[in-house]
Amino acid sequence: MTILGVESSATAVSAAIIKDGKLLSEIFSDTGLTHSQTLLPMIESCIKNAGICVEYIDSIAVANGPGSFTGVRIGIATVKGLAFTNNIPCVQVSTLESMAYNIPIFGGIICSVMDARCNQVYTAFFENTDGCKVNRLSEDTAISIDELGEKITNYGKAVILVGDGAEICYNKLKDKVTSLYIAPINIRKQKASSVALCSMNHEGMDAEKIAVNYIRLPQAQRELAKKQNLSKN
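Cut-offs applied
Once a new chain begins, its residue numbering starts again from 1 and follows that chain's sequence as written. pLDDT decides what is reported in this predicted model: residues at 70 or higher carry local features, side-chain atom pairs at 80 or more are listed and counted, and totals for whole chains, interfaces and linings draw on all residues regardless. Only hydrogens and water are set aside; all other atoms, that is, all heavy atoms of the structure, feed into the side-chain values. Between Lys or Arg on one side and Asp or Glu on the other, a salt bridge is scored when a side-chain nitrogen of the former is within 4 Å of a carboxyl oxygen of the latter. Counting from the N terminus, the helices are DSSP H or I runs at least four residues long and the strands are E runs at least two residues long. Relative accessible area decides the class of each residue, using a 1.4 Å probe on protein chains only: under 20% of the type maximum gives buried, over 50% gives exposed, and in between gives partly exposed. Along the chain, pLDDT gives the predictor's confidence residue by residue, from 0 to 100. Contacts were defined at the residue level, with two residues in contact if any of their heavy atoms lie within 4.5 Å. In the analysis that follows, any N or O atom pair within 3.5 Å is treated as a polar contact, provided that within protein one partner can donate a hydrogen and the other can accept it, and provided that, for residues neighboring in sequence, both atoms belong to side chains. Put simply, a nonpolar core is a bunch of buried Ala, Val, Leu, Ile, Met, Phe, Trp, Tyr and Cys residues held in one set by side-chain atoms that sit within 4.5 Å of each other. For helices, the fitted line uses only the C-alpha atoms of the stretch in contact; every axis is such a line through C-alpha atoms, and the angle between N-to-C directions lies from 0 to 180 degrees. Roughly parallel covers angles under 35 degrees, roughly antiparallel covers those over 145, roughly perpendicular covers 65 to 115, and oblique covers all other angles. Any residue that is not Ala, Val, Leu, Ile, Met, Phe, Trp, Tyr, Cys, Pro, Asp, Glu, Lys or Arg is counted as polar, Gly included; the first ten are nonpolar and the last four charged.

1. Focus: the pattern of salt bridges
So, step 1. For the coordinates displayed, the defined rule picks out five salt bridges.
So, step 2. For E97, the salt bridge identified is with R136, shortest N-O distance 3.4 Å. Here E97 is found in helix α3 (residues 95-100), whereas its partner R136 is found in strand β8 (residues 135-136), with 39 residues between them in sequence.
So, step 3. A relative accessible area of 30% places R136 in the partly exposed class.

Below, the structure written as structure tokens:
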């Protein structure tokens, strides 16, 4: 089975081709350039470098959030366009769950964290015991970094942080939490290859059914709701 993975939920953006569990091609960029300009050319180059044509892709996997509201939308829109044009089924996966696949073997708990700003992170906990499948231990949520530290402590096991929020969380919690580790930089950020691997444990769907998982409303909508509540009072 040949899977195209697409990841654009944060500043890093990537595309990958996996065939029968083997990584054929992956392109990754974390330069801060606009995803609307870089993602589609990146996908095209990734497919070309893998030595295949779009017609040979069996499934397209995409991270549907949480993450950057603009980045997630761009990724999903791009995937929908490719899927509709070429009649390819899709798989949507949690950004946080896919990042757990960056860590192939770890004897403790994998904590995926993304910077949600305002001293908050998007996070979820996972466990990987056989190097093949990730077991989810908690749902995706948005909490403060202090709350995250409490949750890590409650597990009572070694915890490794992965994701674009790993560094900020590690620096704030390393002196308060024992047995806390951070993933090496080469496997720390969100990766399309992990999105593709994660999709192998999820059901496929028509592209039109892909839905964004923001976890919390965009800031503009939160501010509007706040103003509306104040006006009612």
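2. Some words on the confidence of the model for the chain
So, step 1. Of all residues in the chain, 91% attain a pLDDT of 70 or more, and the chain-wide mean is 92.
So, step 2. In this model, residues 219-225 is a region of pLDDT below 50 whose contacts with residues beyond four sequence positions or in other chains number three contacts.

3. Re the side chain of N102
So, step 1. Its place among the elements puts N102 in the loop between α3 and β6 (109-117).
So, step 2. Setting aside its immediate chain neighbours within four residues, N102 contacts V162, I187, R188, K189, K191 and S194.

4. Observations regarding the side chain of S138
So, step 1. Relative to the helices and strands, S138 is located in the loop between β8 and β9 (141-144).
So, step 2. Only 2.9 Å separates the side chain of S138 from the backbone nitrogen of F125, close enough to count as a polar contact.

5. Quick notes on the environment of C118
So, step 1. Position of C118 relative to the elements: it lies in the loop between β6 and β7 (120-127).
So, step 2. Residue C118 is classed as exposed on the basis of its relative accessible area of 67%.
So, step 3. Considered as a pair, C118 and R73 are 45 residues apart in the sequence and their alpha carbons are 22 Å apart.

6. Considering the nonpolar core
So, step 1. In terms of nonpolar packing, the biggest core is built from 28 residues, with L96, I103, I110 and F126 touching the most fellow members.
So, step 2. Going through the elements one at a time, β4 (59-63), β5 (90-93), α3, β6, β7, β10 (159-162) and α6 (192-199) are the ones with two or more residues in this core.
So, step 3. Beyond its immediate sequence surroundings of up to four residues, L96 is in contact with P66, S112, V113, M114, Y122, T123, A124, F126 and D140.
So, step 4. Formed by 26 residues, the second largest nonpolar core is a distinct cluster that contains I47, I57, I74 and V79.

7. Some remarks on the packing of helix α4 (residues 145-155) against helix α5 (residues 166-173)
So, step 1. Relative to each other, α4 and α5 sit at 75 degrees, their axes nearing to 10 Å. Here α4 lies roughly perpendicular to α5, going by the angle between them. Residue-level contacts link I145, D146, L148, G149 and I152 of α4 to I168, C169, K172 and L173 of α5.
So, step 2. When its residues are assigned to classes, the contact of α4 with α5 shows six nonpolar, one polar and two charged.

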